[in-house]
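Residue-level structure breakdown
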Amino acid sequence: MTEAMLRGQKGLASVKDLPVRQDGPPPGGFPPVRYARRIANSGPSGLAVVLFSSVVIGWGMYQVGQGNLHRRTLKAEKIAARQAILPLIQAEEDARFVREKKKFMEEEAKIMANVPGWKVGENVYNSGRWMPPSTGKIRAEC
């Protein structure tokens, strides 16, 4: 709408001549502004979290215990198997030791043939006790 149509005349004499149109609140007023801190109650309660955590931890500890029992069983089986074949392994090692000692004594007799008073195979330490070589070899290789 034009001004001339509103006032019925041309031109504007004063701003005060315009019809007043002012914005205001709706009838009954605006709804109240919520300014208080209200946090929505979402998620499980503290008690539920603690109970759930306890159940999960308890189940995990049970699984650890079951794994320990299984590992202990496997270890006992491994030890029993090793103990069962130990006499065979020891017999093989003893036979190998005898062969090596015989070879070593023949070589020692050949090398020390010109030394007077040398006794082949005699212990030079004279401790009175026989000790097997700790390395599993008769002599150290050079």
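Residues numbered from 1 in each chain as written. Predicted model: local features only at pLDDT ≥ 70, side-chain atom pairs only at ≥ 80, totals over all residues. Heavy atoms only, no water.

Our next topic: the overall build of the protein chain. When helices and strands are counted, the protein chain shows two helices and zero strands. Burial status across the protein chain gives 2% buried among its 142 residues. (Helix = DSSP H or I, 4+ residues; strand = E, 2+ residues; numbered from the N terminus. Buried < 20%, exposed > 50% of the residue type's maximum accessible area, 1.4 Å probe, protein only.)

Turning next to the UniProt feature "transmembrane region" (unreviewed entry) in the protein chain. UniProt records the feature "transmembrane region" (unreviewed entry) for residues 44-62 in the present numbering. Secondary structure content for residues 44-62 is 89% helix and 0% strand, while the C-alpha to C-alpha distance between its ends is 25 Å. (UniProt positions renumbered as here; feature names shortened; annotations may be inferred.)

One pass over the structure, following the stated rule, counts two salt bridges. The shortest N-O distance in the salt bridge between Arg 96 and Glu 93 comes to 2.7 Å. Here Arg 96 and its partner Glu 93 are both found in helix α2 (residues 46-111), three residues apart, which amounts to about one turn of the helix. For Glu 93, a relative accessible area of 32% corresponds to the partly exposed category. The partner of Lys 103 in a salt bridge is Glu 100, and the shortest N-O contact between them spans 3.6 Å. (Salt bridge = Lys/Arg side-chain N within 4 Å of Asp/Glu carboxyl O.)

Here the focus is the side chain of Glu 108. Relative to the assigned elements, Glu 108 resides in helix α2. Despite being buried, Glu 108 has no salt bridge partner; Lys 101 is the closest side chain of opposite charge, sitting 6.9 Å away. Of note is the side chain of Glu 108, whose polar atom sits 3.0 Å from the side chain of Trp 118. (Lys, Arg positive; Asp, Glu negative; His and termini not counted. Polar contact = N/O pair within 3.5 Å; in protein donor to acceptor, adjacent residues only side chain to side chain.)

What follows is about a nonpolar patch on the surface. A cluster of nonpolar side chains, Val 115, Trp 118, Val 120, Val 124 and Tyr 125, forms an exposed patch at the surface whose accessible area comes to about 510 Å². On the secondary structure map, Val 115 appears in the segment after α2. (Patch = residues over 30% accessible without salt bridge, like charges linked within 9 Å, V, L, I, M, F, W, Y side chains within 5 Å. Areas by Shrake-Rupley, 256 points an atom, 1.4 Å probe, with all protein chains shown as cover.)

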